[in-house]
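Here's the letter readout for the chains.
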Amino acid sequence: MTTDNNLLIDVRQLSVGYRSGGQTLLAVQRLSLSMAQGETVAIVGESGSGKSTLANAILGLLPEHAQISAGQLWVDGNELTHASERQKRLQRGRTVGLVPQDPMVSLNPTLRIGQQIAEALILAKGKRYPGVDADIVELLQQVGIDKPVLRARQYPHELSGGMRQ
Ligand SMILES: Nc1ncnc2c1ncn2[C@@H]1O[C@H](COP(=O)(O)OP(=O)(O)OP(=O)(O)O)[C@@H](O)[C@H]1O
Ligand SMILES: [Mg+2]
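Residues numbered from 1 in each chain as written. Chains lettered and ligands numbered in written order. Predicted model: local features only at pLDDT ≥ 70, side-chain atom pairs only at ≥ 80, totals over all residues. Heavy atoms only, no water.

A short note on the site of ligand 1
Phase 1: S47, G48, K51, T53 and H65 are the nearest of the 13 residues found near ligand 1.
Phase 2: Between ligand 1 and S47, the relevant distance is 2.6 Å, taken from an oxygen atom to a side-chain nitrogen or oxygen of the residue.
Phase 3: Interatomic distance of 3.0 Å between a backbone N/O atom of G50 and an oxygen atom of ligand 1.
Phase 4: Calculation on ligand 1 without its partners gives an accessible area of 640 Å², and the protein chains cover 58% of this total.
Phase 5: Elements with a contribution of two residues or more to the shell around ligand 1: β2 (23–36) and α1 (51–59).
Phase 6: The element that contributes the greatest number of residues to the shell around ligand 1 is α1, accounting for three residues. (Near = heavy atom within 4 Å. Polar contact = N/O pair within 3.5 Å; in protein donor to acceptor, adjacent residues only side chain to side chain. Areas by Shrake-Rupley, 256 points an atom, 1.4 Å probe, with all protein chains shown as cover. Helix = DSSP H or I, 4+ residues; strand = E, 2+ residues; numbered from the N terminus.)

As for α1
Helical geometry: 3.6 residues make up each α-helical turn, so side chains three or four residues apart lie on a common side.
Phase 1: Considered for burial, the residues of α1 that qualify are T53, L54, A57, I58 and L59.
Phase 2: Among the structural elements, β1 (7–20), β2 and β3 (66–75) are those in contact with the buried residues of α1. (Buried < 20%, exposed > 50% of the residue type's maximum accessible area, 1.4 Å probe, protein only. Contact = heavy atoms within 4.5 Å.)

A word on the sheet that holds β3
Phase 1: Judged by pairing direction, the sheet is antiparallel, and its four strands sit side by side in the order β2-β1-β3-β4 without closing on themselves. On the outer flanks of this sheet lie β2 and β4 (78–79), each paired with one strand and no other.
Phase 2: One ladder, built from two bridges, connects β3 with β4; its direction is antiparallel. Pairing of W74 across the sheet is with E79, part of β4.
Phase 3: Across the sheet, α1 touches β1, β2 and β3, and the angle it forms with β1 is around 115 degrees. (Pairing = 2+ DSSP bridges. Axes fitted to C-alpha atoms, helices over the stretch in contact; angles between N-to-C directions.)

Next comes the structure, spelled out in structure tokens:
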């Protein structure tokens, strides 16, 4: 099986279930969608219809007791349907990421912003590396944050809501 190379996300007939007490509850059933570069896709549905489950599958963040029971999932040309944790981690932070609705749930209030960005960079790279401080400042600059060197040394409560996102 292959994917169309122009697609960043290609979800084909995907089913995801959660195992519980010997039973599996299907949260996503035979769902297909695709997204090319520059496209925006909004997923709309009632509470419990499987939106977060689908997003977690794309991010490679399904919990242990979840299972992709049918279909395929391609992200940036790589098939992630049954990929290892290591493969999924390599995609995360490079080609897929999450901007949470409430950033304070994801940011640790006791760590400086720079340390928290470093954590993700080091995980993506697989190890500590010398240029990490420069990368932190560059990333902050890329998203339009002023005084990036200062910001990297600040704590989450010292940033505005938009900056935290
Ligand atoms: N970690 C989990 N373990 C077991 N079942 C789960 C888990 N997460 C979600 N589910 C179940 O999967 C189904 C889909 O849930 P999901 O969170 O994907 O819905 P949603 O569309 O994101 O809802 P909402 O709009 O409320 O955020 C629900 O029946 C839910 O109970
Ligand atoms: Mg949800």
